[in-house]
Amino acid sequence: MSKKALTLTQTAVLLALIVVIEYLMVGPQYILIKGSIVNLILVVATLLVGLPTGILISIFTPLLAVVTGHLAMPVLAPVVAIGNLVFVILWWLIVRHVKVNQSLMSYVTATIVSSLAKFAFLYLAVGWYILPVMLKGIVAKKPQIKVALLAQFGMPQLITAVIGGVIAMLILPRLAKAIQTIAKN
């Protein structure tokens, strides 16, 4: 199988997984599971398929959430996409540029730094820009929206990013070996 065909196939499979997860896990009870799986897929896409695939899935995921109605306010889609981009780009930079390439230490560092950065970006973007500027009128009428959005874009984002990163650390070496085996055949 050519490298181009393998990359295209892997990207399609990861996008299909995102679609399945988005449709199967509906409701707030799945937020931690769904978020963790999405973050795991973002890391796998970025490190095993390539940064362009990680970027594509980072942007695709919130757009799909808007289309399916799981992200009720479309104004949040660009914020979520940028948060995902922060997450995958930091993962890629850290793992690719730590002295011992793809070591456990690079994975731990990438998990911590990228998770904190994604969480900080999302929380600050929603709290300092989206709510007071973009949704000012809505929040004035329904103050509970502010509480709900800050809760949704707060600790759950950090928790799901860390869980996704930890699972990625556990499975990336095995996935990389499996993909190398497939590529050779």
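Residues numbered from 1 in each chain as written. Predicted model: local features only at pLDDT ≥ 70, side-chain atom pairs only at ≥ 80, totals over all residues. Heavy atoms only, no water.

Per an unreviewed UniProt entry, the protein chain goes by the name ECF transporter S component and belongs to Pseudolactococcus chungangensis CAU 28 = DSM 22330.

**What about the overall build of the protein chain?**
Counting secondary structure elements, the protein chain contains eight helices and zero strands. Listing the helices and strands of the protein chain from first to last along the sequence gives α-α-α-α-α-α-α-α. The C-alpha atoms of the protein chain give a radius of gyration of 17 Å, which matches the 16 Å a tight globule of 185 residues would have. Seen along its three principal axes, the alpha-carbon backbone of the protein chain occupies a region of about 60 × 35 × 25 Å. Looking at the protein chain residue by residue over its 185 residues, the buried ones come to 43%. Relative to all contacts within the protein chain whose residues are 6 or more apart in sequence, the contacts with residues 24 or more apart total 71%. Total accessible area computed for the protein chain in this model is approximately 9900 Å², and 76% of it derives from carbon and sulfur atoms. (Helix = DSSP H or I, 4+ residues; strand = E, 2+ residues; numbered from the N terminus. Rg over C-alpha atoms; globule rule 2.2 N^0.38 Å. Buried < 20%, exposed > 50% of the residue type's maximum accessible area, 1.4 Å probe, protein only. Contact = heavy atoms within 4.5 Å. Areas by Shrake-Rupley, 256 points an atom, 1.4 Å probe, with all protein chains shown as cover.)

**Quick word on the UniProt feature "transmembrane region" (unreviewed entry) in the protein chain**
UniProt feature "transmembrane region" (unreviewed entry): in the numbering of this structure it lies at residues 6-25, 37-65, 71-95, 107-130 and 150-172. Regarding residues 37-65, the helix share stands at 97% and the strand share at 0%, and the terminal C-alpha atoms are separated by 14 Å. Here residues 150-172 runs as 91% helix and 0% strand, with 32 Å between its end C-alpha atoms. (UniProt positions renumbered as here; feature names shortened; annotations may be inferred.)

**A word on the pattern of salt bridges**
Enumeration over the complete set of coordinates arrives at one salt bridge. Taking the shortest distance from any N to any O, the salt bridge between K34 and E22 comes out at 3.4 Å. Here E22 lies in helix 1 (residues 3-24) and K34 lies in helix 2 (residues 31-49), a separation of 12 residues in the sequence. (Salt bridge = Lys/Arg side-chain N within 4 Å of Asp/Glu carboxyl O.)

**A closer look at the packing of aromatic side chains**
Applying the stated criterion across every chain yields a total of two aromatic pairs. Consider the rings of F119 and Y123, whose centres lie 6.1 Å apart with planes at 25°: the pair is stacked. Taken as a pair, F119 and Y123 lie in helix 5 (residues 104-134) at a separation of four residues, close to a single helical turn. The partly exposed category is assigned to Y123, whose relative accessible area is 35%. (Phe/Tyr/Trp six-rings, centres within 6.5 Å; stacked < 30°, edge-to-face > 60°.)

**Description of the nonpolar core**
Within the largest apolar cluster, 29 residues are counted, with the highest numbers of intra-cluster contacts made by I57, W91 and L172. Elements that contribute at least two residues to this core include exactly helix 1, helix 2, helix 3 (51-68), helix 4 (77-97), helix 5 and helix 8 (155-184). No other element matches helix 2, which puts 10 residues into this core. Discounting residues that sit within four places of it in the chain, L172 has contacts with V43, V44, L47, L48 and Y107. By size, the runner-up hydrophobic cluster in this structure holds 17 residues, among which are A77, L122, A125 and F153. (Core = buried A, V, L, I, M, F, W, Y, C linked by side-chain atoms within 4.5 Å.)

**Here's the deal with the packing of helix 5 against helix 7 (residues 144-152)**
Axis separation between helix 5 and helix 7 bottoms out at 9 Å; the angle between their running directions is 155°. What the angle tells us is that helix 5 and helix 7 run roughly antiparallel. Crossing of helix 5 against helix 7: the hand is right-handed. Residue-level contacts link Y123, V126, G127 and L131 of helix 5 to K146, L149 and L150 of helix 7. Along the lines of polarity and charge, the residues of the contact of helix 5 with helix 7 split into five nonpolar, one polar and one charged. (Axes fitted to C-alpha atoms, helices over the stretch in contact; angles between N-to-C directions. Parallel < 35°, antiparallel > 145°, perpendicular 65-115°, else oblique. Left-handed = near helix turned anticlockwise from the far one by under 90°. Nonpolar A, V, L, I, M, F, W, Y, C, P; charged D, E, K, R; others polar.)

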